[in-house]
Amino acid sequence: MDPIILARLQFAIVTVYHFFFVPLTLGLSIIVALMETFYVRTGREVFKTMTKFWGKLFVINFAMGVVTGIVQEFQFGMNWADYSRFVGDIFGAPLAIEALMAFFLESVFLGVWIFGWKRLSKGMHAVAIWLVAIGSNFSALWILIANSFMQQPVGYAIENGRAVMTDFIALILNPKVWLMFPHTISAGLATAAFFVMGISAYHLLRKQNVEVFNRSFKIAAIIGAIAVVMIALNGHSQTQQLVDTQPMKLAAAEALWETEDPASLSILTIGDLSQTKEIFSIRIPNLLSFLLFNQFYGEVEGIYDLQAEYEQLYGSGNYIPPVAIVYWSFRVMVGVGILLLILGLYGLFLVMRDSVEASSTGLKLFILALFLPYLANSAGWMMTEIGRVPWIVFGLMKIEDGISPTVPGSMVLTSLVLFTLVYAALMVADIYLLKKYAKAGPPAADDDDKDSAPEGEISFVSTQD
Amino acid sequence: MDLNTVWFILIAVLYIGFFILEGFDFGVGMLLPFLGRGETKEETDLKRRVILNTIGPFWDGNEVWLLTAGGATFAAFPLWYATMFSGFYLPFLFLLVALIMRGIAIEFRSKDENPKWRKLWDWSIFAGSLVSALLLGVAFANLARGVPIDANMNYVGGFWYLLNPYALLGGITTVAIFALHGAIFLSMKTTGDLRESAQRAAWRLWIPAVITLLLLLVATYMSTDFLTRLGINPGIIPITGIVAAFLCGYFVRRNRFGWAFGMTSITIAFSLTTLFLMLYPNVMISTIDPAYSLTIYNASSSPYTLRIMTIVALIFVPLILLYQGWTYWIFRKRIKAEPQSLTY
């Protein structure tokens with residue numbers, strides 16, 4: 001078996017899997033922290049109940065994100081040793097900083113938060129969850145700084161065949177980072193907002209714990225509406241930036257084979273099986289130029305021309321990513337994004353009209369919408385990463401040159417199979433728990449002095465004095 | 001002292017911190033099925049919950065030491081990171097699976113009452129802790145012994161080479177010491193029945209821990225270049241490690257578990273320090289040709305990156321020590337076997 005294909009497949013599987021959990025961690029940490037802050041400010045029990053209920057789901061999800069994250073860090077060295085050698089001088093730094101600045105913060109203070117309900121003052125306890133939220137979101141920043149280098153290398157020089165960091169500030173100020181980071185953070189907030197709205201809708205439909213879930217829905221709807229607008233605006237700028245930095249990714253995402261001026265936007269394009277030309281396409285004239293340049297004209301380079309250009313620049317080879325995957329993942333991301341934008345604003349509308357509970361159709365919609373952000377998150381990363389093919393670091397190193405030269409295909413296969421099996425089993429356990437606790441709702445009465453949860457169930461109250 | 005040496009020391013410190021901290025929670029995990037035993041099913045479950053609650057607030061923060069050591073290796077010595085992680089492929093793969101199963105098990109176990117569910121995760125915690133400790137020992141013993149590395153800094157030994165008797169002894173010693181370390185920790189953190197059985201276990205585990213440690217010392221003289229590097233009299237550091245291991249038995253016997261915990265910590269710290277002293281300035285020794293060995297110079301990042309990383313470390317490491325230390329202070333009390341007061 002070809003170790004390159006296996007290693008790529010493994011990277012795709014473990015990374016997409018890891019990113020099922022990460023966005024919810026990013027967003028829900030902030031939402032839970034807000035809820036607890038309201039509790040500290042107002043002293044009202046309903047906010048405490050909310051904090052504990054959503055916190056429980058947060059903790060289950062967080063655990064999955066943490067353990068699958070360890071694989072991510074090890075994997076670069078295990079499967080991609082030559083890549084690690086080539087970029088280690090640059091790529092290792094953000095990963096180490098991520099651990100020092102973010103992983104310690106989130107892991108240590110989550111422990112404090114889970115076990116510290118009785119040990120800490122109310123205020124300090126709320127600070128703990130804020131530190132978890134800050135840690136998680138900082139970790140997103142540093143990993144995106146690392147990833148941005150792969151998309152758009154900056155602040156480096158090539159010395160003795162290795163990329164060497166020459167400007168740390170440039171690495172951090174990489175324009176890519178400041179497009180991807182807000183996009184990821186707002187995607188996290190949207191994921192969490194729709195998660196909270198979906199589960200709240202489920203209970204509101206059944207008229208259970210109405211006060212808790214009405215308030216939760218409200219908070220989430222406000223955050224969700226802000227997040228979806230940010231996602232859309234930011235996604236738009238991100239695509240515009242591709243014109244200059246990764247035109248091939250853009251051309252593939254649009255299935256634009258020939259250079260056009262003005263360029264049309266593809267509504268539906270079907271290519272042949274070899275993915276080298278189009279068979280059929282519905283296009284809206286001028287629209288792509290407009291979206292990219294804010295005017296109805298402007299040249300957008302097509303795949304053929306870029307291929308020819310890259311052959312001149314980098315030598316002969318195939319520089320065309322798998323067009324169909326990039327095209328469709330881009331469309332899924334944008335399509336779902338538009339749906340979320342509409343739903344997010346609709347949620348806000350319901351909240352402002354104070355008719356959340358009354359609208360049973362709306363509530364049903366929000367239960368279904370819970371899954372949408374997951375689809376968009378995965379599609380977005382697939383477009384970003386697969387659109388970079390054949391490069392592992394754009395313009396500097398190709399994927400096939402990055403693997404571990406002495407790790408045989410059989411070993412990579414072992415690891416691919418093992419991770420797939422373990423991850424599949426854990427997904428079953430994770431969904432089982434999330435469903436169980438989401439459906440159960442908060443415990444009926446939540447007394448400070450004794451835990452009302454039945455013995456053996458998780459309790460966040462510890463009276464270990 | 002140049003920055004390469006500074007980073008070598010820092011990475012050594014990170015691994016030492018990891019072994020001391022996660023060492024006891026690995027040990028607690030290994031002891032779970034043995035000490036978590038009662039006359040009724042309810043009592044068994046309660047004991048297991050108490051055991052897990054002793055490490056509950058800490059284990060995840062402890063594990064970050066490993067992640068940070070890995071990240072720091074990648075940042076400061078990318079060629080070491082690449083060679084070691086691709087070379088120790090299967091041990092690291094199984095280590096990852098063990099860490100994943102164990103971490104999820106600790107968090108998920110308490111969240112459902114079904115006895116089968118709990119049994120599954122109990123097993124996972126036990127096996128995950130045992131396998132992690134074993135493999136870490138195997139990996140570090142192989143670092144001491146040296147592995148076949150070719151002129152291109154690639155490990156060319158295959159999987160079975162890593163499972164040599166010396167490395168396996170390293171793995172078993174790590175398991176034994178972590179189990180002792182964990183039993184002592186439980187003696188400090190529990191009450192009543194459980195405390196008594198943990199104290200007894202500590203005494204029983206002390207014997208194999210010392211025996212394997214001594215065997216490892218002898219084997220290290222024979223299998224590595226320890227003798228040429230450190231001489232017949234290996235110096236104060238390895239000797240302190242061994243003496244601490246003996247003193248540990250004395251303190252366990254006299255029920256001074258705080259002191260005993262200090263002694264196992266010293267044993268772990270000084271054994272690893274010995275290993276890193278044997279390596280320096282190498283980071284991976286090639287058994288094919290010493291010239292192919294990876295050193296803190298030929299495997300390092302650029303001076304610029306090392307400088308940046310040094311500044312980052314100077315800011316964050318003290319901060320981390322402070323707040324992580326604070327959590328040990330917050331949760332310093334013993335865990336009682338009262339179902340209502342348990343979090344897990």
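Keep in mind that this is a model prediction, so the values were computed, not measured.

**With respect to the overall build of chain A**
Piece 1. Regarding its fold elements, chain A presents 14 helices and six strands.
Piece 2. For 465 residues, the compact-globule estimate of 2.2 N^0.38 gives 23 Å, and the C-alpha radius of gyration of chain A, at 24 Å, lies within 12% of that figure.
Piece 3. Projected onto the principal axes, the alpha-carbon positions of chain A cover approximately 75 × 50 × 40 Å.
Piece 4. Per-residue burial for chain A yields a buried fraction of 52% across its 465 residues.

**Concerning the overall build of chain B**
Piece 1. Check the secondary structure of chain B and you find twelve helices and two strands.
Piece 2. Sequence-ordered secondary structure for chain B, helices as α and strands as β, is α-α-α-α-α-α-α-α-α-α-α-β-β-α.
Piece 3. Relative to the globule expectation of 20 Å for 344 residues, the C-alpha radius of gyration of chain B, 20 Å, shows essentially globular dimensions.
Piece 4. Overall size of chain B, expressed as C-alpha extent along the three principal axes, is 60 × 40 × 35 Å.
Piece 5. Here chain B, with 344 residues, has 59% of them falling under the buried criterion.
Piece 6. Within chain B, counting contacts between residues at least 6 apart in sequence, those at least 24 apart form 79% of the total.

**Concerning helix 5 (residues 89–108) of chain B**
Piece 1. With 20 residues, helix 5 of chain B ought to run about 28 Å at 1.5 Å a step, and its terminal C-alpha atoms sit 28 Å apart, in line with that.
Piece 2. In terms of residue burial, helix 5 of chain B counts as a mostly covered element, since 18 of its 20 residues are buried.

**Side note on the nonpolar core**
Piece 1. In terms of nonpolar packing, the biggest core is built from 282 residues, with Ile31(A), Ala96(A), Ala193(A), Leu96(B), Leu180(B), Ala183(B) and Ala202(B) touching the most fellow members.
Piece 2. The dominant element in this core, judged by the number of residues it contributes, is helix 3 (residues 81–115) of chain A, at 24 residues.
Piece 3. For Leu96(B), the residues in contact, after removing those within four places along its chain, are Ile70(A), Val71(A) and Phe74(A).

**Notes on helix 10 (residues 236–253) of chain B**
All names here are of chain B.
Piece 1. The end-to-end C-alpha distance of helix 10, which contains 18 residues, comes to 25 Å, matching closely the 26 Å that a straight helix rising 1.5 Å per residue would cover.
Piece 2. Among the residues of helix 10, Pro-238, Gly-241, Ala-244, Ala-245, Cys-248, Phe-251 and Val-252 are the ones counted as buried. All buried residues of helix 10 lie within an arc of 135° about the axis, which places them on one face of the element.
Piece 3. Considering only its buried residues, helix 10 is in contact with helix 7 (165–189), helix 8 (192–223) and helix 11 (257–279).
Piece 4. Directly beyond the C-terminal end of helix 10, a positive phi value near 55° is found at Asn-255.

**With respect to the interface of chain B and chain A**
Piece 1. Between chain B and chain A, the residue contacts involve 60 residues of the former and 63 residues of the latter.
Piece 2. Among the elements of the structure, helix 3 (59–76), helix 4 (78–87), helix 5 and helix 12 (303–330) of chain B are those that each provide at least two residues to the side of chain B that touches chain A.
Piece 3. Across the side of chain B that touches chain A, the residue classes tally to 37 nonpolar, 17 polar and six charged.

**What to know about the packing of helix 1 (residues 3–35) of chain B against helix 2 (residues 41–55) of chain B**
All names here are of chain B.
Piece 1. Packing of helix 1 against helix 2 leaves a shortest axis separation of 10 Å and a crossing angle of 175°. When the axis of helix 1 is compared with that of helix 2, the two are roughly antiparallel. On helix 2, the residues touching Asp-25, Val-28, Leu-32 and Leu-35 of helix 1 are Lys-47, Arg-48, Ile-51, Thr-54 and Ile-55.
Piece 2. Along the lines of polarity and charge, the residues of the contact of helix 1 with helix 2 split into five nonpolar, one polar and three charged.

**So, the environment of Val393(A)**
Residues and elements named next belong to chain A.
Piece 1. Counting through the fold element by element, Val-393 comes out in strand 5 (residues 391–393).
Piece 2. When the C-alpha positions of Val-393 and Val-32 are compared, they lie 37 Å apart, and in sequence the two are 361 residues distant.
Piece 3. When near neighbours in sequence (up to four residues on either side) are disregarded, Val-393 contacts Val-87, Met-150 and Pro-153.

**Notes on the domain arrangement of chain A**
All names here are of chain A.
Piece 1. When the domains of chain A are assigned, the result is domain 1 (3–244 + 327–440) and domain 2 (247–320).
Piece 2. One C-alpha centre belongs to domain 1, the other to domain 2, and the line joining them spans 30 Å.
Piece 3. With ten residues of domain 1 at the contact, the number on the domain 2 side is ten residues.
Piece 4. Those elements that place two or more of their residues in the side of domain 1 that touches domain 2 are helix 7 (210–245) and helix 11 (323–352).

**Notes on unusual backbone geometry**
Leaving glycine aside, a negative phi is the common case for residues, and trans is the common case for peptide bonds.
Piece 1. Following Asp261(A), the chain continues to Pro262(A) via a peptide bond in cis, the omega torsion being -5°.
Piece 2. The topology assignment puts Pro262(A) in the loop between helix 8 (247–254) and strand 3 (265–271).
Piece 3. For the bond running from Tyr280(B) to Pro281(B), omega is 0°, close enough to zero to count as cis.
Piece 4. By secondary structure assignment, the location of Pro281(B) is in the loop between helix 11 and strand 1 (282–284).

**Notes on the packing of helix 6 (residues 175–205) of chain A against helix 7 of chain A**
Residue and element names in this part refer to chain A.
Piece 1. Axis separation between helix 6 and helix 7 bottoms out at 7 Å; the angle between their running directions is 150°. Taken together, the axes of helix 6 and helix 7 are roughly antiparallel relative to one another. The element helix 6 and its partner helix 7 pack so that their crossing is left-handed.

**Some points on the confidence of the model for chain B**
Piece 1. Mean pLDDT over chain B works out to 95, with 100% of the residues at or above the 70 mark.
Piece 2. Among the scores for the predicted complex, ipTM is 0.95 and pTM is 0.94.

Parameters and conventions
Residue positions are given per chain, counted from 1 along the sequence in the order it is written. All chains are assigned letters beginning at A, and all ligands numbers beginning at 1, according to the order in which they are written. Only residues with pLDDT of at least 70 get local features here, since the model is predicted, and only at 80 or more are side-chain atom pairs given and counted; chain-wide, interface and lining totals rely on the full set of residues. Under the DSSP-based scheme used, a helix requires at least four consecutive residues in state H or I and a strand at least two consecutive residues in state E, with every element numbered from the N terminus. C-alpha atoms define the radius of gyration in this analysis, and the globule rule sets the expected value at 2.2 Å times the number of residues to the power 0.38. Three exposure classes are used, all based on how many other C-beta atoms lie within 10 Å of a residue's own C-beta (placed from the backbone): buried at 20 or more, exposed at 12 or fewer, and partly exposed between those limits. We call two residues in contact when their backbone-placed C-beta atoms lie within 7 Å. Here the expected span of a helix is defined as 1.5 Å times the quantity of residues minus one. What we call a nonpolar core is a set of buried Ala, Val, Leu, Ile, Met, Phe, Trp, Tyr and Cys residues whose membership is set by joining through C-beta atoms within 7 Å. As used here, the arc belongs to the directions running from the helix axis to the C-beta atoms. Polar here means any residue other than Ala, Val, Leu, Ile, Met, Phe, Trp, Tyr, Cys and Pro, which are nonpolar, and Asp, Glu, Lys and Arg, which are charged; Gly is therefore polar. Think of each axis as a best-fit line through the C-alpha atoms, taken over the contacting stretch in the case of a helix, with angles from 0 to 180 degrees between the N-to-C directions. Roughly parallel refers to an angle under 35 degrees, roughly antiparallel to one over 145, roughly perpendicular to one between 65 and 115, and oblique to any angle outside these ranges. Domains are outlined according to an automatic or database domain assignment. When the near helix sits turned anticlockwise from the far one by under a right angle, the crossing is termed left-handed; a clockwise turn instead gives a right-handed crossing. Every residue carries a pLDDT, the predictor's confidence in it, which falls somewhere between 0 and 100.

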